[in-house]
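Descriptive structure summary
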Amino acid sequence: MQNAAFKAAHLPWLYLPLDITQDQVETALDLMKDLPVKGANVTVPYKGVVLPYLDNVEKDARWLGSVNTIYRSGRKLCGTSTDGEGFLRSLGSIRQKLKRSRGLMVGAGGAAKAVAGALAKSGIGSLYLANRTPARAKQLAKSLRNRYRSLEVGLVSISEAEKILPNCDWVVQATSVGLKKGDPSPLSLKRATTSLWVIDLIYHRETAFRRQAKDLGLRNLDGVGMLLHQGALSFELWTGKRAPLRVMRRALLNSLG
Ligand code: NDP
């Protein structure tokens, strides 16, 4: 996706995977400083590990404890997270309807925090959180309440979450359930009303969760748009140019098969 974008923008740049171990992170970042490297993406499990080695980490990324994009400012390496804004951009016209809306997030990991933070910033009214490990959801709720004072955050179990679906405008599936073929849906959507928006962050296959939404005739999105837009935002930070979205989407869909 990034290489296709560089080509379309006539930049003689190359985006390469760098397969490193955790104890090589510092060396990799030192090398980045010395070599004419324009930037990098950071992926699982190093999104949090890189923070102490960067010269500057933007406020939102510091709150998330997660950096997915490194860009340069002179010799300095700066870190940010484009995941949250990438998610919002992937929503298209739904984004205009978020103000004071009510929704449910299933999951409380890194992606859930980035998306919940972005939704809170967009002015949603209330958010219910449900997670397999309740302590993790409680921690996320605390962090959200401290940062977004006007946001109502409720904690629910999975079975309670299924019952409150009729009160929700949207539901975001932010667990890793569905990554593997044959994974079940982490939530039943049987009680949902037809106006519910169903968003699954998983992007490389149609999950049981999303299939359920389709079968029930609910409007739904997968995580491809978020993946595309977080990458497009990285491209814009590195190049100062507008991302060639159409080219990037085509390359991304080709690589996802
Ligand atoms: P984390 O490991 O940080 O969090 C995983 C989440 O999934 C936790 O809430 C965890 O619950 C839950 N979970 C894992 N296994 C189970 C299970 N068997 N049953 C119920 N819950 C489970 O991962 P991330 O937050 O980084 O990623 C989550 C998902 O989001 C992934 O599928 C990833 O592919 C997707 N993603 C998509 C992006 C995109 O651009 N579209 C970007 C980033 C992520 P618990 O706390 O109980 O362990």
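In this report, we go over the structure that sits alongside the text. (Residues numbered from 1 in each chain as written. Predicted model: local features only at pLDDT ≥ 70, side-chain atom pairs only at ≥ 80, totals over all residues. Heavy atoms only, no water.)

Quick look at the overall build of the protein chain
For the protein chain, the helix and strand inventory stands at 10 helices and 10 strands. Here the protein chain has a C-alpha radius of gyration of 19 Å; the compact-globule value for 257 residues is 18 Å, and the two agree. Principal-axis analysis of the C-alpha atoms places the extent of the protein chain at approximately 55 × 40 × 35 Å. Of all 257 residues assigned to the protein chain, the portion counted as buried reaches 49%. Within the protein chain, residue pairs in contact and separated by at least 24 positions form 64% of the contacts whose partners lie at least 6 positions apart. Carbon and sulfur atoms form 51% of the exposed surface of the protein chain, whose accessible area is close to 13,700 Å². The centroid of the 39 positive side-chain charges in the protein chain is displaced by 5 Å from the centroid of its 20 negative side-chain charges. (Helix = DSSP H or I, 4+ residues; strand = E, 2+ residues; numbered from the N terminus. Rg over C-alpha atoms; globule rule 2.2 N^0.38 Å. Buried < 20%, exposed > 50% of the residue type's maximum accessible area, 1.4 Å probe, protein only. Contact = heavy atoms within 4.5 Å. Areas by Shrake-Rupley, 256 points an atom, 1.4 Å probe, with all protein chains shown as cover. Lys, Arg positive; Asp, Glu negative; His and termini not counted. Charge placed at Lys NZ, Arg CZ, Asp CG, Glu CD.)

As for the site of the ligand
The environment of the ligand is formed by 20 residues, the closest being Ala111, Asn131, Arg132, Thr133 and Leu201. Between a nitrogen atom of the ligand and a main-chain N or O atom of Leu201, the distance comes to 2.9 Å. Contact with the protein chains covers 76% of the free accessible surface of the ligand, which is 920 Å². Classifying every residue of the shell around the ligand gives 10 nonpolar, eight polar and two charged. (Near = heavy atom within 4 Å. Polar contact = N/O pair within 3.5 Å; in protein donor to acceptor, adjacent residues only side chain to side chain. Nonpolar A, V, L, I, M, F, W, Y, C, P; charged D, E, K, R; others polar.)

Examining helix H6 (residues 134-147)
An α-helix turns once per 3.6 residues; consequently, residues spaced three or four apart project the same way. The terminal C-alpha atoms of H6, which comprises 14 residues, lie 20 Å apart, in line with the 20 Å expected from a rise of 1.5 Å per residue. Taken together, the buried positions of H6 are Ala137, Leu140, Ala141, Ser143 and Leu144. Around the axis of H6, the buried residues are gathered within 165° of arc, so they sit on the same side. Opposite the buried face of H6, by more than 90 degrees, sit the exposed residues Ala135, Lys138, Gln139 and Lys142. Buried-residue contacts for H6 involve helix H3 (59-64), helix H5 (110-121), strand S6 (126-130) and strand S7 (152-155). (Expected span 1.5 Å × (residues − 1). Arc of directions from axis to C-beta.)

Side note on the pattern of salt bridges
Think of it this way: side chains of opposite charge can pair up when their charged atoms draw near. Counted under the stated rule, the structure contains 11 salt bridges. Taking the shortest distance from any N to any O, the salt bridge between Glu85 and Arg95 comes out at 3.2 Å. With Glu85 in helix H4 (residues 83-90) and Arg95 in the loop between H4 and strand S5 (102-106), this residue pair connects regions lying 10 residues apart in the sequence. Residue class for Glu85 comes out partly exposed when judged on its relative accessible area of 29%. (Salt bridge = Lys/Arg side-chain N within 4 Å of Asp/Glu carboxyl O.)

Looking at the pairing of strand S9 (residues 197-200)
Regular strands place side chains that alternate from one sheet face to the opposite one. Burial along S9 is two-sided: Trp197 and Ile199 facing one way and Val198 and Asp200 facing the other are all buried. The sheet contact formed by strand S8 (residues 170-173) and S9 spans four bridges and is parallel. Across the sheet, Val171 pairs through a bridge with Val198, a residue of S9. Sheet topology places S9 next to strand S10 (residues 219-221); three bridges connect them, and they run parallel. Bridge assignment links Ile199 to a residue of S10, and that residue is Leu221. Note that the unit made of S9, helix H8 (residues 208-215) and S10 has a crossover that is right-handed. (Pairing = 2+ DSSP bridges. Right-handed = clockwise from strand over helix to strand, strands pointing away.)

Notes on the nonpolar core
Among the nonpolar cores identified, the biggest contains 33 residues, and Phe87, Met105, Leu119, Leu127, Leu129, Leu144 and Val172 are the most heavily contacted of them. Of all the secondary-structure elements, those providing two or more residues to this core are H3, H4, H5, S6, H6, S8 and S9. Element by element, the count of residues in this core is highest for H5, at seven residues. When residues no more than four places from it in sequence are discounted, the contact partners of Val172 are Phe87, Leu104, Met105, Val106, Val115, Leu119, Ile199 and Leu201. If you look at the next biggest cluster of nonpolar residues, it comprises 17 residues, including Val156, Leu187, Ala192 and Val198. (Core = buried A, V, L, I, M, F, W, Y, C linked by side-chain atoms within 4.5 Å.)

Things to note about the environment of Asp183
By the secondary structure assignment, Asp183 is in the loop between S8 and S9. Each C-alpha atom of the pair Asp183 and Ala208 lies 7.0 Å from the other, and the pair is 25 residues apart in sequence. With near-sequence residues (within four places) excluded, Asp183 lies in contact with Ser176, Val177, Gly178 and Ala208. Side-chain polar atoms of Asp183 contact the backbone nitrogen of Gly178, separated by 2.7 Å. Polar contacts involving the side chain of Asp183 include one to the main-chain amide nitrogen of Leu179, which spans 3.4 Å.

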